[in-house]
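# Descriptive analysis of the structure
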Amino acid sequence: MNLLATPPPPHHLSNPRLSPSHSMSSYTPTASASRKRKAEDDEPQAEDRMSSSPSNSPAPATRSLPAYRHAKRPRSGPVGRPLALPRLLETLDADSLRGVLQSICTRHPGIGSEVEHTAPRPSVPSALNVLKDYESALQASFPFGGDSSSDYAYNRVRESLMALLDALADFTPHFLPPNETQAFQSLTFLDGATNIIHRLPDWSSFQNSLHKQNAYEEISGAWALAIREAAKRAGGMQLQYGGWDQKLAKHNQQANGKLQDAVNELSANIGWMGGQPQVQQHGNRGEDLNSVRQELLAGTYGINLPVRVGSW
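Residues numbered from 1 in each chain as written. Predicted model: local features only at pLDDT ≥ 70, side-chain atom pairs only at ≥ 80, totals over all residues. Heavy atoms only, no water.

Attention now moves to the overall build of the protein chain. The number of helices and strands found in the protein chain is 15 helices and zero strands. Across the 312 residues that make up the protein chain, the buried fraction comes to 24%. Carbon and sulfur atoms make up 55% of the accessible area of the protein chain, which totals about 23000 Å². (Helix = DSSP H or I, 4+ residues; strand = E, 2+ residues; numbered from the N terminus. Buried < 20%, exposed > 50% of the residue type's maximum accessible area, 1.4 Å probe, protein only. Areas by Shrake-Rupley, 256 points an atom, 1.4 Å probe, with all protein chains shown as cover.)

Okay, structure coming up:
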């Protein structure tokens, strides 16, 4: 045995894959683990990427997001608010608007006085339309069936009847002189108001019938006042050509003579407008009055009268 022979290399050095050409130092477990940990440290974990906020993300789009939100103005949602006064008034009907205005004028008398001076004067058609509305409410309040002139029916409609009579009593003085200076306006309103009184219900009870009788007396006095004032203006032209003598005579007939005072006033102021009965009664005198009227209108009255000389 040759004791000087070279001993065989260790087993792990005899592996061809671990030949001297492969550096043992480059494959040491310590170096490999170090590089692996470094690579893992350099690469962000998935959980870190998912849990990181957009503001901390290094992405360019994410970094510009706060600036974009700052430039965009936020849009406010709908907010409830009450209607403006012009829109609110558009929703009110006539009755509601009158109620609101009446309430305001009651709490503030100064505003009520301003409304009285600012509001236009009521016209004859508008006043008569209001009275007709009250009349319609009266007719609608009657009970169905039964005696319409009974005390039961009267009690059912009494409130509506009083409302109509009160309105009639308020509107009539408004269209009388001196508040109303136009005779035609006064006579036209009285003509329409008298027709409404004709249509008031007749009651079987005398006490209940007094309302209609009193209304006739008041309207008769109003006719007399309007006739006196009309006769003073322009020689009574409104009475001459308006046919008021015939209209008043018809009203008096429907009222069973309750307007006789007004008829007498007309005859006293304009005697030649007394109607056909006066012409038949006085014969030639009526014709003479008509002739005098024509001369007055033509401006020739007194031209052909004889001139008397000497003492009378």
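Where helix H12 (residues 244-254) meets helix H13 (residues 260-269), the closest approach of the two axes is 9 Å, and the angle between their N-to-C directions is 155°. Considering their axes alone, H12 and H13 lie roughly antiparallel with respect to each other. Note that H12 runs across H13; the crossing there is left-handed. Contacts between H12 and H13 pair Trp244, Asp245, Leu248 and Asn252 from the former with Gln260, Ala262, Val263 and Leu266 from the latter. For the contact of H12 with H13, a count of residues per class yields five nonpolar, two polar and one charged. (Axes fitted to C-alpha atoms, helices over the stretch in contact; angles between N-to-C directions. Parallel < 35°, antiparallel > 145°, perpendicular 65-115°, else oblique. Left-handed = near helix turned anticlockwise from the far one by under 90°. Contact = heavy atoms within 4.5 Å. Nonpolar A, V, L, I, M, F, W, Y, C, P; charged D, E, K, R; others polar.)

Further remarks concern the nonpolar core. Membership of the largest hydrophobic core comes to 43 residues, with the highest contact counts inside it found for Leu131, Leu161, Phe189, Leu190, Leu200, Trp223 and Leu239. Listed by contribution, the elements that provide at least two residues to this core are helix H7 (124-140), helix H8 (151-174), helix H9 (183-198), helix H10 (206-232), H12 and H13. For leucine 190, the contacting residues outside a window of four places in its chain are Thr172, Leu176, Ile219, Ala222, Trp223 and Ala226. (Core = buried A, V, L, I, M, F, W, Y, C linked by side-chain atoms within 4.5 Å.)

Turning our eyes to something else, we now look at the packing of aromatic side chains. For the coordinates displayed, the defined rule picks out four aromatic pairs. Considering the side-chain rings of phenylalanine 175 and phenylalanine 189, the 4.5 Å spacing of their centres and the 20° angle between planes classify their relative orientation as stacked. With phenylalanine 175 in the loop between H8 and H9 and phenylalanine 189 in helix H9, this residue pair connects regions lying 14 residues apart in the sequence. On the basis of relative accessibility, which here comes to 1%, the residue phenylalanine 175 falls in the buried class. Connected via pairs of aromatic rings, a cluster forms that spans Phe142, Tyr154 and Trp203. Over the face of the ring belonging to tryptophan 244 we find lysine 247, whose NZ or CZ atom lies 4.2 Å from the ring centre. (Phe/Tyr/Trp six-rings, centres within 6.5 Å; stacked < 30°, edge-to-face > 60°. Lys NZ or Arg CZ within 6 Å of the ring centre and 35° of its normal.)

So, on to unusual backbone geometry. Peptide bonds are trans in most cases, and residues, glycine excluded, mostly fall at negative phi. Cis geometry is adopted by the peptide bond preceding proline 178, which originates at proline 177 and carries an omega value of 5°. For proline 178, the location among the structural elements is in the loop between H8 and H9. Unlike most non-glycine residues, asparagine 256 shows phi in positive territory, near 60°. Among the structural elements, asparagine 256 can be located in the loop between H12 and H13. The exposed category is assigned to asparagine 256, whose relative accessible area is 65%.

Time to look at the side chain of aspartate 191. Its location among the elements puts aspartate 191 in helix H9. As a buried residue without a salt bridge, aspartate 191 has its nearest oppositely charged side chain in lysine 247, at a separation of 4.6 Å. Sequence-distant contacts of aspartate 191, defined by excluding residues within four places in its chain, comprise Trp223, Trp244, Lys247 and His251. (Lys, Arg positive; Asp, Glu negative; His and termini not counted. Salt bridge = Lys/Arg side-chain N within 4 Å of Asp/Glu carboxyl O.)

Let us look at the confidence of the model for the protein chain. With 62% of its residues at a pLDDT of at least 70, the protein chain reaches an overall mean of 77. Predicted confidence is poor over residues 18-27, with pLDDT under 50, and the contacts of this stretch with residues over four places away or in other chains come to four contacts. Contacts from residues 305-312, a stretch scored under 50 in pLDDT, to residues over four places away or in other chains number zero contacts. (pLDDT = per-residue confidence, 0-100.)

Count 3.6 residues to each turn of an α-helix, and residues three or four apart come out pointing the same way. Here H7 spans 24 Å end to end across 17 residues, near enough to the 24 Å set by a 1.5 Å rise per residue. What H7 keeps buried is the set Val124, Ala127, Leu128, Leu131, Glu135 and Leu138. Buried residues of H7, viewed axially, fall in a sector of 95°; they line one side. Across from the buried face of H7, at angles greater than 90 degrees, the exposed residues are Pro125, Asp133 and Ala140. Close packing links the buried residues of H7 with H8 and H9. (Expected span 1.5 Å × (residues − 1). Arc of directions from axis to C-beta.)

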